[in-house]
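Chain by chain, the residues run as shown.
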Amino acid sequence: TDQTITVFYKPTLVNYTIIYKLQNLDGNGYTEDVDSREVKQGLTDSVVETVDKNFDGFSMLWYDTPTIAADGSTVVEVYYDRNFYLMLFELDGGYGVDPIYARYGSAVSVATPTKAGYTFTGWSPEAPETVSVNGGTYTAQWQAADTAKVSVVFWGENPNDEEYSYVHTGVLELQPGTEYT
């Protein structure tokens, strides 16, 4: 006798793995952030849940959302690109340092600025050795030197026309920030 047997499959909770891969500093390839690997559960044949993990200094890229395999072999790889940030330097009349635009975590070497009559004493806040989230603005701190040379050029009006002619240059030693009449 022929017999018909009907089997009903019921979805069951199955593990799946999410691997987070962060862009390398040189922008060439990605490396797994092993501390962030997650094992989650979902019903067989359902779509994996939305990934909402954030990493400071990174932006998540598009990723596949496969259905969960019954054997627990589903692996979702989520990729994150490094953000670029701008570091600005307020020099207060000095010169010699340009803004830096680089990837998060990149090593930076900030030059020492120059300002006539002053000695550079550091940055406020202290400039980091790597590009931080949001880059930041760093202000040069200066200490006035004891004295600075100031050249005073004297010009005299010509008696025969409305032009001026050079007469003399005097050099003074003054403390920066003082006025001289």
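What you see is a predicted model, and the numbers here were worked out from it, not measured in a lab.

Engineer: Any chance you could explain the overall build of the protein here in plain terms?
Structural biologist: A tally of regular secondary structure across the protein gives zero helices and eleven strands. For 181 residues, the compact-globule estimate of 2.2 N^0.38 gives 16 Å, and the C-alpha radius of gyration of the protein, at 33 Å, exceeds that figure by more than 25%. Expressed along its principal axes, the backbone C-alpha trace of the protein runs to roughly 135 × 35 × 25 Å. Counting only residues that meet the buried cut, the protein has 28% of its 181 residues in that class. For the protein, restricting intrachain contacts to residue pairs at least 6 apart in sequence, the fraction spanning at least 24 positions comes to 47%. As presented, the protein carries roughly 12800 Å² of accessible surface, and 48% of it is formed by carbon and sulfur atoms. Put simply, the protein has 9 plus and 26 minus side-chain charges, and the middle of one group is 12 Å from the middle of the other.

Engineer: Can you help me understand the packing of aromatic side chains in this one?
Structural biologist: Enumeration according to the criterion identifies eleven aromatic pairs in this entry. Centroid distance phenylalanine 55 to tyrosine 80: 4.9 Å. Interplanar angle 80 degrees. Geometry classified as edge-to-face. Here phenylalanine 55, found in the loop between β3 (38-43) and β4 (58-60), pairs with tyrosine 80, found in strand β5 (residues 75-82); they are 25 residues apart in sequence, far enough to count as distant. We classify phenylalanine 55 as buried; its relative accessible area is 13%. Given the relative accessible area of 1%, tyrosine 80 is considered buried. Centre to centre, the rings of phenylalanine 120 and tryptophan 142 are 5.6 Å apart; their planes meet at 70 degrees, and the pair counts as edge-to-face. One end of the pair, phenylalanine 120, is in strand β8 (residues 118-124); the other, tryptophan 142, is in strand β9 (residues 136-144), with 22 residues separating them in the sequence. The exposure class of phenylalanine 120 is partly exposed, given its relative accessible area of 21%.

Engineer: Could you clarify how one ought to interpret a negative patch on the surface in this entry?
Structural biologist: Together, Glu157, Asp161, Glu162 and Glu163 line one region of the surface with negative charge. For aspartate 161, the position within the fold is in the loop between β10 (148-157) and β11 (164-174). Accessibility expressed as a relative area gives 38% for aspartate 161, which makes it partly exposed.

Engineer: How should a nonpolar patch on the surface be read in this particular structure?
Structural biologist: Among the surface-exposed residues, Phe84, Leu86, Leu88 and Tyr101 lie close enough to one another that they form a single nonpolar patch of about 380 Å² accessible area. In terms of residues, the nonpolar patch owes the most to one element, strand β6 (residues 84-90), which gives three residues.

Engineer: Would you mind going over the pairing of β9 with me for this structure?
Structural biologist: Both faces of the sheet carry side chains from a regular strand, because those side chains alternate between them. Pairing analysis gives four bridges linking β6 to β9, with the strands arranged parallel. Bridge assignment links glutamate 90 to a residue of β9, and that residue is threonine 139. The pairing of β8 with β9 spans six bridges and is antiparallel. In the strand pairing of β9, tryptophan 123 is matched with alanine 140.

Engineer: How should the sheet that holds β6 be read in this particular structure?
Structural biologist: With mixed pairing, four strands are arranged side by side in an open sheet as β7-β6-β9-β8. In the strand order of this sheet, the two ends are held by β7 (100-103) and β8, each with one partner. In this sheet, adjacent strand axes meet at a mean angle of 25 degrees when their direction is disregarded.

Here is what the cut-offs are and how they apply
Residues numbered from 1 in each chain as written. Predicted model: local features only at pLDDT ≥ 70, side-chain atom pairs only at ≥ 80, totals over all residues. Heavy atoms only, no water. Helix = DSSP H or I, 4+ residues; strand = E, 2+ residues; numbered from the N terminus. Rg over C-alpha atoms; globule rule 2.2 N^0.38 Å. Buried < 20%, exposed > 50% of the residue type's maximum accessible area, 1.4 Å probe, protein only. Contact = heavy atoms within 4.5 Å. Areas by Shrake-Rupley, 256 points an atom, 1.4 Å probe, with all protein chains shown as cover. Lys, Arg positive; Asp, Glu negative; His and termini not counted. Charge placed at Lys NZ, Arg CZ, Asp CG, Glu CD. Phe/Tyr/Trp six-rings, centres within 6.5 Å; stacked < 30°, edge-to-face > 60°. Patch = residues over 30% accessible without salt bridge, like charges linked within 9 Å, V, L, I, M, F, W, Y side chains within 5 Å. Salt bridge = Lys/Arg side-chain N within 4 Å of Asp/Glu carboxyl O. Pairing = 2+ DSSP bridges. Axes fitted to C-alpha atoms, helices over the stretch in contact; angles between N-to-C directions.

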